[in-house]
Amino acid sequence: MDSCRSRSFCQSSPRKQRSRLRLPLPGRMTLAALLGAALLSILSPGKAHAEFTVCNQTLDVVNLAVGQKVDNTDQTDGWWTIGANQCVNVIREELTNRYIYLYATDVFGHAILNGSTEMCVDRRRFSIRGIEECWQRGHIAARFVEVDTQEQVRWTYFLTGNSP
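Parameters at a glance
Residues numbered from 1 in each chain as written. Predicted model: local features only at pLDDT ≥ 70, side-chain atom pairs only at ≥ 80, totals over all residues. Heavy atoms only, no water. Core = buried A, V, L, I, M, F, W, Y, C linked by side-chain atoms within 4.5 Å. Buried < 20%, exposed > 50% of the residue type's maximum accessible area, 1.4 Å probe, protein only. Helix = DSSP H or I, 4+ residues; strand = E, 2+ residues; numbered from the N terminus. Salt bridge = Lys/Arg side-chain N within 4 Å of Asp/Glu carboxyl O. Pairing = 2+ DSSP bridges. Axes fitted to C-alpha atoms, helices over the stretch in contact; angles between N-to-C directions.

Asks: Requested: an account of the nonpolar core, with residues and values cited.
Replies: Core analysis: the biggest nonpolar cluster contains 18 residues, and F52, V54, L64, V90, L102 and Y157 have the highest contact counts within it. Mapped by element, the contributors of at least two residues to this core are β1 (52-56), β2 (62-70), β4 (86-91), β5 (99-106), β9 (140-148) and β10 (155-159). In terms of nonpolar packing, the next biggest core, distinct from the first, is built from 12 residues, Y101, V121, F126 and I128 among them.

So, in structure tokens, the structure goes:
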């Protein structure tokens, strides 16, 4: 009788399967080498990685919406969920707008960052072109805070309990 009819005799052990997946020693990168390569890529000169980052320095989880000019039209995007004492890159490319607009709520939907510039948001993930007639277009009007980036290509906004 053929011994390979039973699976337990035909399959190699998990240890042997793992060893077949290993790279030869010269091609293997250690954790230290990977961390070193990551650090080098961050510190090496070259094109700067421009972005708009929001850091939540409150004790609450916040939901964030962002407004900016895109192709000469006001646009709002959301939602980013930012945990307490965490940061999120909300714009990953070089900043071309001097003013970025932010609106934040707590997990119950109460505004915790409330400004004077009215723009549109939605209950679920959204990207809305235009800020006029939010209600008539089926959106929610929200008051965004204007952030002056002073024409920098990279900016970090710190959301604190005392934010405007």
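Past the structure itself, the notes keep going.
Asks: Give me the pattern of salt bridges: which residues, what numbers.
Replies: Side chains that carry opposite charge are capable of pairing whenever their charged atoms lie near each other. For the structure shown, the criterion picks out three salt bridges. In this structure, D148 and R98 form a salt bridge, with 2.7 Å as the shortest nitrogen-oxygen distance. Of the two residues, D148 sits in strand β9 while R98 sits in the loop between β4 and β5, which places them 50 residues apart along the sequence.

Asks: Tell me about the sheet that holds β4, residues and numbers included.
Replies: Strand pairing in a sheet is mediated by backbone hydrogen bonds. Such pairs are either parallel or antiparallel. Spatially, β4-β1-β10 is the arrangement adopted by the three strands of the open sheet, whose pairing is mixed. One side of each edge strand has no neighbouring strand; the edge strands of this open sheet are β4 and β10. Across the sheet, the mean angle from the axis of one strand to that of its neighbour is 25°, orientation sign disregarded. Note that β1 and β10 share five bridges and pair parallel. Each residue of the ladder has a partner; that of N56, found in β10, is L159.

Distances and angles like these do not, on their own, reveal function.
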